[in-house]
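# Fold and geometry: a report
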Amino acid sequence: MYTVMIVDDDLPVLEFLQATIKWEELGYQLTGAYANPLEALQAGKLAKTDVLISDIGMPEMNGLELITSLREDDPNLKAVILSCHDEFHYAQAAVKLSVSEYILKETMNATNITEVLKRVKEQLDAEGNAQSKHRKLEKEVSQQRGATKRHFIRTTVNEPLFDQREWQAKALDFGIHLEKHAVIPVLGYANRLKEATGRFQSKDLFEYTIENIVEELIGEQGDITLFTYDTGEIVLLFPHISNLHINNTQKMEATLRNLQSCLQKFVKISFSFVVGSPVKDVRALKDLLMRLVETKPSRFYLPEASILKLDQVRESFGDGGELLAQYAQALDEFRSVVFDERTDEVGAFVSKWVDYIAYNRFRPLEVKDWLLKMILDVRMRLKSLQHYQSTFSSELLHHDVHELSSIRELETWLGSYLQQAIEWAGKVYRESHNREILECQRFVQSHLDTKISLEDAAEHLHLHPSYLSRLFKRETGEGFIEYVTRMKMEKARELLEITDKSVEQIADMLGYENKNYFGKLFKAHTGFVPNAYRGQAKPGGV
């Protein structure tokens, strides 16, 4: 809808136009009707006006002067002149101002004003479509060039360099002049990528926004080349001129700090940079770019919003075996926080294990797989408690965890996830039709290391054993002893998979004095004897 303003010192004319023209039906919003042209000028300066309908002869400022003043701010303003004069010089002045319509008041009526407004709207629509097409074309050209630049930088990094002359010819198109001076390659990347992209409608819009902001900020310097490498990753090539009077490092750092500040201020994106060293040879540039790109795993542990030299980025990682050795303990604590609904312990649990991971710098992929295994275990147990159904698929969860780009993003995500898991656990308990069954299942879960009898559970719940037996079967479809055996066998499977304890030790841990009896139960449950199951469950097993 287009905005329109009426200006005429003849009040009956203003009232007539306000009352008789069906503005909204014609696609207009009447934003003001003024008898004083100076008030109209002030209003027009404060808010955009698409169409001005104005008398010519007015005190203090005539209509032609008003049009001229408003067009200083908006050259595209459409003007319709109302006049009591049919003298040639007025019409001539109006033509010079490209006035859309010139109407004599003696012939003015609702019909011809409506027809005029329809014609003006057609002009506005046509211009709007033309501008939209122009902007779309500009965007397409920009995106096409951006795609070409991305292909060039990725090819430089990932493919063999067969023809240096061909590479240099393409590089010149992007403003790279290695024959004139060396360049310093810098890799920039968004911190908390999953969180950052989540605020945009698409990853394309996210990348386009970053590229535009960076291009605008470095545009004044002109000698810096920008490439988009991947989602949330850019490559900047800074000129390095060997001159005692030019401090390349300080100038480059100031530019990078400015980029960080503007990206944070305007789009709330935290950005970090890894800075290479000066190179003037194509192959040296390729090797350095490869090293910068390959810092991705190490970036998982780098401080956010940092600017570091490449040789400051630590590339070694801790032994993943140590992380696996801590799995059983972490899983027990994870389960305790969720199943006992210990909301107040979420922060302590997350901090403990995130600090442990950060201190040992395990490979990010190993950390994510380790965490996923714990989460999936807890979800399966929640599901098996009763009629619990998760609202998230395992595939989506796997995708979410593997998109986490830093240890701090993982820390935030894990805390939020645990709070959700606790809510889910509480929902399971609340929605159960029989609290006694859940309490019975909790009792079993916490006494898997002992001989659990129906009488023990009934005494704990202050119920008669026969009643508990019938209730348990009716509510779960499974006998109490069957449930106890199944839980013990699932725990046995877990211990065989994640510990090196002997079969005798595991049987004892689950309250079985007879190893052979334990083995028969395990085979009935899994189809394998314990040692055979351990062999096929471990990596490389059959």
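Residues numbered from 1 in each chain as written. Predicted model: local features only at pLDDT ≥ 70, side-chain atom pairs only at ≥ 80, totals over all residues. Heavy atoms only, no water.

Considering the arrangement of structural elements, one finds Asp-55 in strand S3 (residues 51-55). Its relative accessible area of 5% is what places Asp-55 among the buried residues. Excluding residues within four positions of it along the chain, Asp-55 makes contact with Val-7, Asp-8, Asp-9, Gly-63, Leu-82, Ser-83 and Lys-105. (Helix = DSSP H or I, 4+ residues; strand = E, 2+ residues; numbered from the N terminus. Buried < 20%, exposed > 50% of the residue type's maximum accessible area, 1.4 Å probe, protein only. Contact = heavy atoms within 4.5 Å.)

Inspection of the secondary structure puts Ser-242 in the loop between strand S8 (233-240) and helix H9 (248-267). By relative accessible area, which is 72% here, Ser-242 ends up exposed. The sequence separation of Ser-242 and Ala-182 amounts to 60 residues, and the corresponding C-alpha distance is 8.5 Å.

Residues other than glycine predominantly adopt negative phi, and peptide bonds predominantly adopt the trans conformation. In the Ramachandran plot, Glu-60 falls in the positive-phi region, its phi being about 75° despite a non-glycine side chain. You can see Glu-60 is positioned in the loop between S3 and helix H3 (63-71). Take Glu-60: its relative accessible area is 65%, and that puts it in the exposed class. Backbone geometry places His-462, a non-glycine residue, at a positive phi of 60°.

Next up on the list: the packing of aromatic side chains. By the definition in use, this model includes 21 aromatic pairs. Ring plane angle 50° and centroid distance 5.7 Å describe the contact between Trp-353 and Trp-370, whose orientation is recorded as tilted. Placement of the pair is Trp-353 in helix H14 (residues 346-360) and Trp-370 in helix H15 (residues 364-385), with a sequence separation of 17 residues. Here Trp-353 and Trp-370 have matching classes, each one buried. Taken together, a centroid distance of 5.8 Å and an interplanar angle of 85° make the contact between Phe-472 and Phe-480 edge-to-face. With respect to burial, Phe-472 and Phe-480 carry one shared label: buried. The rings of Tyr-512, Tyr-517, Phe-518, Phe-522, Phe-528 and Tyr-533 are connected pair by pair, giving a single aromatic cluster. Note that Lys-149 overlies the ring of Phe-227, its terminal NZ or CZ placed 5.3 Å from the centroid. The ring centre of Tyr-327 lies 4.9 Å from the NZ or CZ of Lys-373, which sits over that ring. (Phe/Tyr/Trp six-rings, centres within 6.5 Å; stacked < 30°, edge-to-face > 60°. Lys NZ or Arg CZ within 6 Å of the ring centre and 35° of its normal.)

Here the focus is the sheet that holds strand S9 (residues 271-275). The 5 strands lie next to each other as S7-S8-S6-S9-S10, forming an open sheet whose pairing is mixed. Looking at which strands have only one partner, the edges of the open sheet turn out to be strand S7 (225-230) and strand S10 (307-309). Pairs of neighbouring strands in the sheet enclose a mean axial angle of 25°, with direction left out of account. Sheet topology note: the S9/S10 ladder contains 3 bridges and is parallel. For Val-274, the partnering residue across the bridge sits in S10 and is Leu-308. Running at roughly 165° to S7, helix H8 (residues 203-219) makes contact with strand S6 (182-190), S7, S8 and S9 of the sheet. Set on the sheet, helix H10 (residues 282-293) makes contact with S6, S7, S8 and S9; between it and S6 the angle comes to about 20°. (Pairing = 2+ DSSP bridges. Axes fitted to C-alpha atoms, helices over the stretch in contact; angles between N-to-C directions.)

Here the focus is a negative patch on the surface. A grouping of Asp-319, Glu-322, Glu-366 and Asp-369 is seen on the molecular surface, where their side chains present a negatively charged patch. With respect to the helices and strands, the residue Glu-322 is situated in helix H12 (residues 320-325). Looking at Glu-322, the relative accessible area reads 40%, which means it is partly exposed. (Patch = residues over 30% accessible without salt bridge, like charges linked within 9 Å, V, L, I, M, F, W, Y side chains within 5 Å. Areas by Shrake-Rupley, 256 points an atom, 1.4 Å probe, with all protein chains shown as cover. Salt bridge = Lys/Arg side-chain N within 4 Å of Asp/Glu carboxyl O. Lys, Arg positive; Asp, Glu negative; His and termini not counted. Charge placed at Lys NZ, Arg CZ, Asp CG, Glu CD.)

What follows is about the pattern of salt bridges. Scanning the entire structure with this criterion turns up 29 salt bridges. A salt bridge links Glu-341 to Arg-442, with the shortest nitrogen-to-oxygen separation between them at 3.7 Å. Here Arg-442 lies in helix H18 (residues 435-445) and Glu-341 lies in the loop between helix H13 (327-339) and H14, a separation of 101 residues in the sequence. Judged by its relative accessible area of 32%, Glu-341 is partly exposed. Taking relative accessible area as the criterion, Arg-442 reaches 28% and is therefore assigned partly exposed. Note that Glu-494 and Lys-491 form a salt bridge whose closest N and O atoms lie 3.3 Å from each other. Of this pair, Glu-494 and Lys-491 both sit in helix H21 (residues 480-498), 3 residues apart, roughly one helical turn.

Another aspect to go through is the packing of helix H2 (residues 37-46) against H3. Between H2 and H3, the shortest axis-to-axis distance is 10 Å and the interhelical angle comes to 15°. Classed by the angle they form, the pair H2 and H3 counts as roughly parallel. Viewed along their axes, H2 and H3 form a crossing whose handedness is right-handed. Of H3, the residues touching H2 (which contributes Pro-37, Ala-40, Leu-41, Gly-44 and Lys-45) are Leu-66, Ser-69 and Leu-70. (Parallel < 35°, antiparallel > 145°, perpendicular 65-115°, else oblique. Left-handed = near helix turned anticlockwise from the far one by under 90°.)

In this section: the pairing of S7. Across the 6 residues that make up S7, a large majority, 5, are buried. Where S7 lies against S8, 5 bridges are found, and the strand directions are antiparallel. What sits directly across from Asp-230, in S8, is Glu-233. Between S7 and the antiparallel strand that follows it, S8, lie 2 residues; Gly-232 among them carries a positive phi value of about 80°.

On average, residues of the chain score 87 in pLDDT, and 89% of them reach the 70 mark or higher. Within the model, the stretch residues 387-392 combines pLDDT values under 50 with 10 contacts to residues more than four positions away or in other chains. (pLDDT = per-residue confidence, 0-100.)

In this section: the nonpolar core. With 40 residues, the main nonpolar core has Phe-334, Val-338, Trp-413 and Leu-418 as its most contacted residues. Considering each element in turn, this core owes the most residues, 11 residues, to helix H17 (residues 407-431). Among residues more than four places away in sequence, those in contact with Phe-334 are Phe-349, Met-374, Ile-375, Val-378, Leu-414 and Leu-418. Core analysis: the next-biggest nonpolar cluster, separate from the first, contains 30 residues, Ile-437, Leu-461, Phe-472 and Val-484 among them. (Core = buried A, V, L, I, M, F, W, Y, C linked by side-chain atoms within 4.5 Å.)

Among the structural elements, Ser-272 can be located in strand S9. A residue is classified by how much of its surface remains accessible, and Ser-272, at 0% relative accessible area, is buried. Polar side-chain contacts of Ser-272 include one of 3.1 Å to the backbone nitrogen of Ser-306. If near-sequence neighbours (up to four positions away) are discounted, Ser-272 is found in contact with Leu-187, Gly-188, Tyr-189, Asn-191, Gln-260, Pro-303, Glu-304, Ala-305 and Ser-306. (Polar contact = N/O pair within 3.5 Å; in protein donor to acceptor, adjacent residues only side chain to side chain.)

Two elements, strand S1 (residues 2-7) and strand S2 (residues 28-34), share 6 bridges in a ladder whose sense is parallel. Of the residues in S2, the one forming a bridge with Val-4 is Leu-30. Handedness of the S1-helix H1 (residues 11-20)-S2 crossover: right-handed. (Right-handed = clockwise from strand over helix to strand, strands pointing away.)

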